Every structure is written in C-alpha cells, then in structure tokens.
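In case you want the letters, here they are:
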Amino acid sequence: MSEEAESGTMEGKPVVLVEGLHKRFGATHVLKGIDLAVEKSQVVCVIGPSGSGKSTLLRCMAFLDRYDEGRVFIENRLLGYRETDGELTRDSERNIDSVRSVIGMVFQHYNLWPHMTALGNVTEALRVVRKLGRREAEHIGMEMLGKVGLNDKAHDHPARLSGGQQQRTAIARALAIRPHVMFFDEPTSALDPELVGEVLQVMQELASEGMTMVVVTHEMGFAAHVADEVVFMDDGEVVERGSPDDIFKRPRSDRLREFLDTWRSRAI
C-alpha cells in the first residue's frame, strides 16, 4: 500500500465509508445492510423514529459497538478488523485506536468527569492519550473552550454548569484532539428546550468552518438548514436519502411521509 493510502489521505476517497453494515443483538437484527459515504466537509444528518438503528449505526461507525458484517473505512483505513483473503478478523486495540483517533465523538449524555473542571475535562485526553505537557494541553483546552463560548467557565466543575454548557464542554473536549470528522449522537435530546439553541449554534458554526460531521438528530430544523445530505432510517434500513429539500419537501416513500407528518403534528 502506498504511503498516501496508508496515511488515509487518498484523494477522492470519502472521509467515512460504510459498506453493507449489519449488526445484531441476539436475535434482533438492528442494522440491515447500511451503505453510507461522507465526503470531506460534508454534513450528513441521520433521522428516523426511535428504535430505527440510528445510534447503533453511529456507534458501529466508531467501533464502539462491534459490527457483524460489512466494513467501515475511516480515511480509507478499515476500522475494527483486518481483512485477509476476504475474511475479517478483529484488529488489535492499538490499530483500532489509531484509526479511530481522527474521530471526535459527542454523545447524548455529556459524560464529563464530575471531579474535574471544564478545562480538566477538555485536557484529560490530551495529557493521558496524546502525552502532551500540562501547559500545551491547557493552551489547546482554553482555545477549544473559547471556540464554544466557555472561556469564563474553564475552572468551573460540571455541577456548576447548565446542561447546554456541559454539552458545549463535551464538544470542546472532542475538538481538542483535532478530529477530521465529528460524530454527534442526539447531542441535544437530554437538554431543556431553552438550552438546545446554544448547542446547535456551535454545531452550525463547525459546519460553516468545513468540519466533516455525521449527526444523528431529532432536530429537523437543524437537518433542514445545515445538512448537505439527510438520511432517513427506519427498522434498520436506509429508506431514503437526499438533499434537505428532497427529504423534507419531496418525500418519496410512505414511511418518510408518515414520519414527517408525525413530527409536524408534534411541532404545532
């Protein structure tokens, strides 16, 4: 393999490529052959009803959940497995972590360390995983907290932060590793309604700066205005995909029309 391919920078290749992804939990077939490609600087929003497999897809794309069939490539590097003569065997944790190192992940729940300040939460991975010195880590940490509008909260513990501020701290933590792609798993669903906007604004700013993003969301307004592509999932399958205008104004399937009708009725 060429140095260019090994480094994951092959021109024209998607940042994220998912091919024929299947996932089962026991007898439950959660993902049924998902294909997805995410290009550099593209924002892809994944929508669908609860239980459709959206979050499982994202977790498999980061190999937080092991997928059963198919392949996930991050910058042209297979994630989770080694392939020999068409057969997949689980990769070493070191290689998995290496491929995954360019992914920033933000979850529904903030998962902040309660005994650490906001700055401590943001810098922990830089110091422990990246082995940066304290001064350099804190310089990056303050830069990232500034990016999400939390310079003045750097020395506050999570208990003193609102839900929106905690989620913005989690975004700063993910950004601190300088990711090439950000995965967001329902980042606003645990927030009070009045706090949702501040998180979506940060995400919109990241999109405008060219960050590659995959966002599992129930925020249809965000998907309609920020996404380059919207993917509608139901029952473990991709039912439709297209531009926001195609998905929200010209749905082709009954399943998508029913989903949008339900969303609009709740929004009234």
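Everything here concerns the structure above.
Conventions and cut-offs
- Residues numbered from 1 in each chain as written.
- Predicted model: local features only at pLDDT ≥ 70, side-chain atom pairs only at ≥ 80, totals over all residues.
- Heavy atoms only, no water.
- Helix = DSSP H or I, 4+ residues; strand = E, 2+ residues; numbered from the N terminus.
- Buried < 20%, exposed > 50% of the residue type's maximum accessible area, 1.4 Å probe, protein only.
- Contact = heavy atoms within 4.5 Å.
- Polar contact = N/O pair within 3.5 Å; in protein donor to acceptor, adjacent residues only side chain to side chain.
- Phe/Tyr/Trp six-rings, centres within 6.5 Å; stacked < 30°, edge-to-face > 60°.
- Pairing = 2+ DSSP bridges.
- Axes fitted to C-alpha atoms, helices over the stretch in contact; angles between N-to-C directions.
- Core = buried A, V, L, I, M, F, W, Y, C linked by side-chain atoms within 4.5 Å.

Caption draft 1: Highlighting the environment of E69. Mapped onto the elements, E69 comes out in strand β4 (residues 69-74). Residue E69 is classed as partly exposed on the basis of its relative accessible area of 37%. In this structure, E69 is in contact with G20, L21, H22 and R24, ignoring residues within four places of it in sequence. For E69, the side chain forms a polar contact with the side chain of R24, separated by 3.0 Å.

Caption draft 2: Representation of the packing of aromatic side chains within the structure. One pass over the structure, following the stated rule, counts five aromatic pairs. Between F63 and Y81 the ring centres are 5.4 Å apart and the planes differ by 80 degrees, which places this aromatic pair in the edge-to-face class. In this pair, F63 sits in the loop between α2 (54-61) and β4 while Y81 sits in strand β6 (residues 81-84), placing the two residues 18 residues apart along the sequence. Taken together, F63, Y67 and Y81 form an aromatic cluster joined through their ring pairs.

Caption draft 3: How the structure looks around the sheet that holds strand β1 (residues 16-25). Strand order in the open sheet formed by four strands is β2-β1-β4-β5, and the pairing between neighbours is antiparallel. Each edge of the open sheet is held by one strand with a lone partner, namely β2 (28-38) and β5 (77-78). Here β1 pairs with β4 via five bridges, running antiparallel. Looking at β4, one finds that E19 is bridged to R71. Those strands touched by α2 are β1, β2 and β4, and its axis lies near 120 degrees from that of β1.

Caption draft 4: Region of the structure containing the pairing of β6. Two strands pair when backbone bridges link them, and β6 and strand β7 (residues 87-90) are joined in this way by four bridges, in the antiparallel orientation. Across the sheet, residue R82 finds its bridge partner in β7, namely T89.

Caption draft 5: Structural view of the nonpolar core. Of all hydrophobic cores here, the largest spans 50 residues; its most connected members are I47, I171, M182, F184, M203 and M213. The element best represented in this core is helix α7 (residues 193-208), accounting for eight residues. For M182, the contacting residues outside a window of four places in its chain are G104, V106, I171, A174, L175, M211, T212, M213 and V214. With 35 residues, the next largest nonpolar core counts L57, V72, I96 and V216 among its residues.

Caption draft 6: Spotlight on unusual backbone geometry. A positive phi angle, close to 70 degrees, is found at S41, a residue other than glycine. For S41, the position within the fold is in the loop between β2 and β3 (43-47). Of the residues examined, S41 reaches a relative accessible area of 34% and is grouped as partly exposed. A positive phi angle, near 55 degrees, is found at R178, a position not held by glycine. Of note, R178 is situated in the loop between α6 (163-175) and β9 (181-185).

Caption draft 7: Up close: the sheet that holds β9. The six strands lie next to each other as β8-β9-β10-β3-β11-β12, forming an open sheet whose pairing is mixed. Across the chains shown, the open sheet's two edge strands, defined by having one partner strand only, are β8 (103-106) and β12 (237-242). Taken pair by pair, the neighbouring strands of this sheet meet at an average axis angle of 15 degrees, ignoring direction. Strand direction decides the pairing type here: β8 and β9, joined by four bridges, are parallel. The partner of M105 across the bridge, within β9, is F183. In the packing of α6 onto the sheet, contacts are made with β8 and β9, and the angle to β8 comes to roughly 170 degrees. Along the sheet, α7 contacts β3, β9 and β10 (212-216); its crossing angle with β10, the most-contacted strand, is approximately 145 degrees.

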